[in-house]
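Residue-level listing of the chains:
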Amino acid sequence: MIEARIKFVQCLSPAGLHRMAYKEWGDPANPRVLVCVHGVTRVGDDFDSLARALAGHYRVVAPDVVGRGRSGRLANPQFYRVPQYVSDMVTLIARVTEGNGEDGVDWFGTSMGGLIGLALASLPGTPVRKLVLNDIGPTLDPAALLRIGDYIGQELRFATFDAAARFVREVSQSFGEHTDEQWRKLASDVLRQEPDGQWVRHYDMGLALPFRSATPESTRADEAMLWAAYDAIACPTLLVRGEHSDLLSRATAASMAARGPRATLVEIANVGHAPTFIHDDQIAIARQFLIGT
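Basis of the calculations
Residues numbered from 1 in each chain as written. Predicted model: local features only at pLDDT ≥ 70, side-chain atom pairs only at ≥ 80, totals over all residues. Heavy atoms only, no water. Core = buried A, V, L, I, M, F, W, Y, C linked by side-chain atoms within 4.5 Å. Buried < 20%, exposed > 50% of the residue type's maximum accessible area, 1.4 Å probe, protein only. Contact = heavy atoms within 4.5 Å. Helix = DSSP H or I, 4+ residues; strand = E, 2+ residues; numbered from the N terminus. Polar contact = N/O pair within 3.5 Å; in protein donor to acceptor, adjacent residues only side chain to side chain.

In the nomenclature of an unreviewed UniProt entry, the protein chain corresponds to Alpha/beta fold hydrolase from the organism Massilia genomosp. 1.

Now the structure itself:
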């Protein structure tokens, strides 16, 4: 079985330095790089299946965004926002493309990872050559955002792994159907055991702070900026929507197919927010867009 290498890169925020962990798959000398970035409460391990499937063509790089998983925490949680994440990804891309003769990368972003890719792809001189947005867009359902914010801020502890895994499975039903083994991996990727034996989720509870400080005015301003960024994207773009997504509406997805980069839209049946790209048929969608075979 193809295995990943765990690496780290040092990044900078206004509050100081922090380390970001990333998994790297495939030939380390391969100049073709695919960056895969997870959702707000997930980790780079989410892309293990996708990375194994594409590692013959790409060097696949899947970071744990700061505040999650193996990565460090920010001294000031107010910086857990897209601009900081974009800055960290620029540092990561500089590291993984150094000396390989190519500055560009392809990008696969799920939910928050898609917003980071959207922002990065909109910049002049962007390194993003192809962009996959997995169930995310500039307009996000307010009720879904509230649900996510409430979920993030729950500081939960579980006596056993099985109890913690049941919780993860229950709150992740919108991911669609998975085997018991797949659910167990989806849980184990985001659970950590404390020295006292208790099981907790892997991330900094400070991630909830930007959600709690949002106002209707700031949300409208953020949406306007995201649409402006989306309209500035020039690279080929694939938009994947879960049929039952409560975060990305069908109307927003249709608008994204009609403006800006005019994304190719694919809807995945019987899935909400967000498709996991563990299943072969979902991986085939990404492969077709990114590689063409």
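That shown, we press on.
**Quick notes on the nonpolar core**
Core analysis: the largest hydrophobic core is formed by 51 residues, its most contacted members being Trp107 and Ile116. When near neighbours in sequence (up to four residues on either side) are disregarded, Ile116 contacts Val37, Val65, Val82, Tyr85, Val86, Met89 and Trp107. Membership of the second largest hydrophobic core comes to 22 residues, among which are Leu50, Leu238, Ile268 and Val271.

**Comments concerning unusual backbone geometry**
The omega angle of the peptide bond from His273 to Ala274 is 0°, so this bond is cis rather than trans. Topologically, Ala274 is positioned in the loop between strand 10 (264-268) and helix 10 (280-290). With a phi angle near 50°, Ser111 is a residue other than glycine that sits in the positive phi range. Mapped onto the elements of the fold, Ser111 is located in the loop between strand 5 (105-110) and helix 3 (112-121). Residue Ser111 is classed as buried on the basis of its relative accessible area of 9%.

**Considering the side chain of Asn134**
Along the polypeptide, Asn134 turns up in strand 6 (residues 128-134). Side-chain polar atoms of Asn134 contact the side chain of Thr110, separated by 2.9 Å. Filtering out sequence-adjacent residues up to four positions away, Asn134 remains in contact with Phe108, Gly109, Thr110, Ser111, Val240, Ala274, Pro275 and Phe277.

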